[in-house]
Amino acid sequence: MLAINAERLKLVALDARLAGLQSRAPAAFFEALNVMSEASWPPDLMDQPAMNACELKLAEHPDQTGWYFWAFIWPDFIGGMDRLVGGGGFKGPPGKNGVVEIAYSMLTSFREQGLATEAVNALIDWAFSTGQVREVIAETLPHLIASQRVLEKTGFIEAGTREEDGVTIIRFALQRERAAA
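Per chain, the residues get numbers from 1 upward, laid out in the order the sequence is written. Given that this is a predicted model, residues contribute local features only at a pLDDT of at least 70 and side-chain atom pairs are listed and counted only at 80 or more, while totals for whole chains, interfaces and linings are drawn from all residues. The basis for every side-chain value is the complete set of heavy atoms in the structure, and neither hydrogens nor water enter the calculation.

## Notes on unusual backbone geometry
Right, so step 1: In this structure, Pro42 follows Trp41 across a cis peptide bond, with omega equal to 5°.
Right, so step 2: Turning to its location among the elements, Pro42 is positioned in the loop between helix H2 (26–33) and helix H3 (48–60).
Right, so step 3: Despite not being glycine, Glu112 shows a phi value in the positive range, around 60°.
Right, so step 4: The helix and strand labels rest on DSSP assignments: H or I over at least four residues marks a helix, E over at least two residues marks a strand, and numbering proceeds from the N terminus. Tracing the backbone shows Glu112 in the loop between strand S5 (99–106) and helix H4 (115–129).
Right, so step 5: Classification of Glu112 as exposed rests on a relative accessible area of 83%.
Right, so step 6: A positive phi is found at Asp165, a non-glycine position, where the angle reads about 55°.
Right, so step 7: Residue placement: Asp165 occurs in the loop between strand S7 (157–164) and strand S8 (167–175). For the exposure calls, accessible area comes from a 1.4 Å probe over protein chains only, and a residue counts as buried if that area is under 20% of its type's maximum, exposed if over 50%, partly exposed in between.

Shown next as structure tokens:
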């Protein structure tokens with residue numbers, strides 16, 4: 001199991017099996033992650049089509065675990081039980097240009113605690129550590145101020161806007177210098 005330990009969180013990358021459990025057997029999904037059952041799972045924007053697409057991509061390309069969805073777990077939250085607090089990850093592996101897009105969402109009761117910032121930092125550190133990524137991008141909507149703030153706190157800069165079906169989408173980007181060999 002691919003996992004990242006951050007300061008307060010543990011991030012677990014879903015493989016095809018976990019993605020399938022999340023989609024079709026939530027109780028087994030929580031059990032496999034050894035977390036409390038969360039009635040409000042999944043977080044916003046992780047709807048059934050997104051969960052199905054994640055499972056399909058990972059089933060077709062098991063070597064791409066880590067480039068799709070990660071579960072954000074708060075270990076020993078209360079009374080020794082771990083809590084599933086959010087999720088996110090990437091919209092697939094980096095392209096030939098070394099660009100990968102990140103997305104994330106927290107369960108409502110775990111917002112405004114710095115957990116999304118911590119998770120995004122861990123994910124971007126992991127992505128750059130693979131040596132395959134030269135830039136991480138993110139897109140958000142103008143009214144999602146908290147999401148924009150997470151991106152700013154993790155070093156992203158606004159890189160422009162675009163219109164899609166009459167909706168303005170703000171693009172953010174983060175680049176890091178590659179270490180000298």
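So, next bit.
## Section: helix H1 (residues 16–24)
Right, so step 1: Restricting attention to buried positions, one finds in H1 the residues Leu18, Ala19, Gly20, Leu21, Gln22 and Ser23.
Right, so step 2: For the purposes of these results, a polar contact is taken to be a pair of N or O atoms within 3.5 Å, where, inside protein, one atom must be able to donate a hydrogen and its partner to accept one; residues adjacent in sequence count only when each atom of the pair is a side-chain atom. For H1, the capping residue at the N-terminal end is Asp15, with a side-chain oxygen 3.2 Å from the backbone nitrogen of Arg17.

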